[in-house]
Amino acid sequence: RCAGRVEVFHAGRWGTVCDDSWELRDAQVTCRQVRCGPALWAPGAAQFGRGSGVIWLDETNCSGAETHLARCPARPWGRNDCYHGEDAGAVCAGVHRQVCTGETGQVCTGETGTDSLQPEPPHLRLAGGRHRCQGKVELLHLGRWAGVCGRTWGPAEAQVVCRYLGCG
């Protein structure tokens, strides 16, 4: 089963989500985003262990219909009154499949024997645009970001990238 601490990728760093206002609707969005089926439980109080570093989201208030956790109403990124003893978790009904979209607000899951949701670095991004869904396509290869040759690039390729990044 997919289960563990929820972490999001924002501004080039991974961070946790505070359990203030965290409920099943928030976990539902998280489980859908990582393709792990419906949410069964939305534990708080660092049920899956305390994270470290920045706490990115606090007071999330998803309706349950959002496609990504970053689209849920919440306090501004990094603004919180939390500590890692309040890290949010999610328990989903589906079987774990590592899914990472490489976008700001990305949620990633993984099981390492501790039932902690573990991030995987993003491998695809749009750079230099005015918002996250606009810009030059870049891939992460051997630890460096590089552009993609556009000679045979067309609408079908652009659609795949947009879908992968949650941009429609």
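Residues numbered from 1 in each chain as written. Predicted model: local features only at pLDDT ≥ 70, side-chain atom pairs only at ≥ 80, totals over all residues. Heavy atoms only, no water.

## Section: the confidence of the model for the protein chain
Taken over all residues, the pLDDT of the protein chain has a mean of 77, while the share at 70 or more is 79%. Across the protein chain, strand 5 (residues 55-57) holds the top mean pLDDT of 91, while strand 7 (residues 106-107) sits lowest at 48. Here residues 96-106 is modelled with pLDDT under 50, and outside its nearest four sequence neighbours on either side it reaches 55 contacts, counting other chains as well. Throughout residues 108-121 the model reports pLDDT below 50, and contacts reaching past four residues in sequence, or to other chains, amount to 48 contacts. (pLDDT = per-residue confidence, 0-100. Helix = DSSP H or I, 4+ residues; strand = E, 2+ residues; numbered from the N terminus. Contact = heavy atoms within 4.5 Å.)

## What about the environment of Val 29?
With respect to the helices and strands, Val 29 occurs in helix 1 (residues 24-33). The class for Val 29 is buried, based on a relative accessible area of 0%. Along the primary structure Val 29 and Ser 63 are separated by 34 residues, whereas in three dimensions their C-alpha atoms are 8.6 Å apart. Val 29 has contacts with Cys 62, Gly 64, Glu 66, Thr 67, His 68, Leu 69 and Cys 72, leaving out every residue within four places of it along the chain. (Buried < 20%, exposed > 50% of the residue type's maximum accessible area, 1.4 Å probe, protein only.)

## Some points on the packing of aromatic side chains
Going through the model one piece at a time under the given rule, you end up with two aromatic pairs. Ring geometry for Trp 56 against Trp 77: centres 6.0 Å apart, planes inclined by 80 degrees, an arrangement best described as edge-to-face. Remark: Trp 77 occurs in the loop between strand 5 and strand 6 (89-92) and Trp 56 occurs in strand 5; sequence separation between them is 21 residues. (Phe/Tyr/Trp six-rings, centres within 6.5 Å; stacked < 30°, edge-to-face > 60°.)

## Re the state of the cysteines
Taken as a whole and assessed by the stated rule, the structure comprises three disulfides. Shown here is the disulfide that connects Cys 18 with Cys 82, its sulfur atoms set 2.0 Å apart. Disulfide Cys 18-Cys 82: torsion about the S-S bond near -90 degrees, hence left-handed. Pair noted here: Cys 18 is in the loop between strand 3 (13-17) and helix 1 and Cys 82 is in the loop between strand 5 and strand 6, with a separation of 64 residues, a long-range link. Relative accessible area serves as the criterion here: at 0%, Cys 18 is assigned to the buried category. Here Cys 31 connects covalently by a disulfide to Cys 92, the sulfurs 1.9 Å from one another. Measuring the twist about the S-S bond at about -80 degrees, one finds the Cys 31-Cys 92 disulfide to be left-handed. Of this pair, Cys 31 sits in helix 1 while Cys 92 sits in strand 6; the two residues are 61 residues apart in sequence, bridging distant segments of the chain. Note on Cys 92: relative accessible area 3%, which makes it buried. (Disulfide = S-S within 2.5 Å.)

## Some thoughts on the sheet that holds strand 4 (residues 39-41)
If you trace the three strands from one edge of the open sheet to the other, you get 1-6-4, paired in antiparallel fashion. The open sheet has two edge strands, strand 1 (3-5) and strand 4, and neither has a second partner. Neighbour-to-neighbour, the strand axes of the sheet open up by a mean angle of 35 degrees, direction not taken into account. Inspection of the sheet shows strand 1 paired to strand 6 by three bridges, in the antiparallel sense. Opposite Gly 4, over in strand 6, you have Ala 90 as the bridge partner. (Pairing = 2+ DSSP bridges. Axes fitted to C-alpha atoms, helices over the stretch in contact; angles between N-to-C directions.)

## Considerations on a nonpolar patch on the surface
On the surface, a nonpolar cluster with roughly 240 Å² of combined accessible area is contributed by Leu 139, Val 148 and Trp 153. Here Val 148 falls in the partly exposed class, since its relative accessible area comes to 34%. (Patch = residues over 30% accessible without salt bridge, like charges linked within 9 Å, V, L, I, M, F, W, Y side chains within 5 Å. Areas by Shrake-Rupley, 256 points an atom, 1.4 Å probe, with all protein chains shown as cover. Salt bridge = Lys/Arg side-chain N within 4 Å of Asp/Glu carboxyl O.)

## Topic: unusual backbone geometry
Non-glycine residue Ser 21 carries a positive phi angle of around 65 degrees. Relative to the elements of secondary structure, Ser 21 occurs in the loop between strand 3 and helix 1. A relative accessible area of 39% means that Ser 21 is categorised as partly exposed. Even without being a glycine, Ala 46 presents a positive backbone phi close to 50 degrees.

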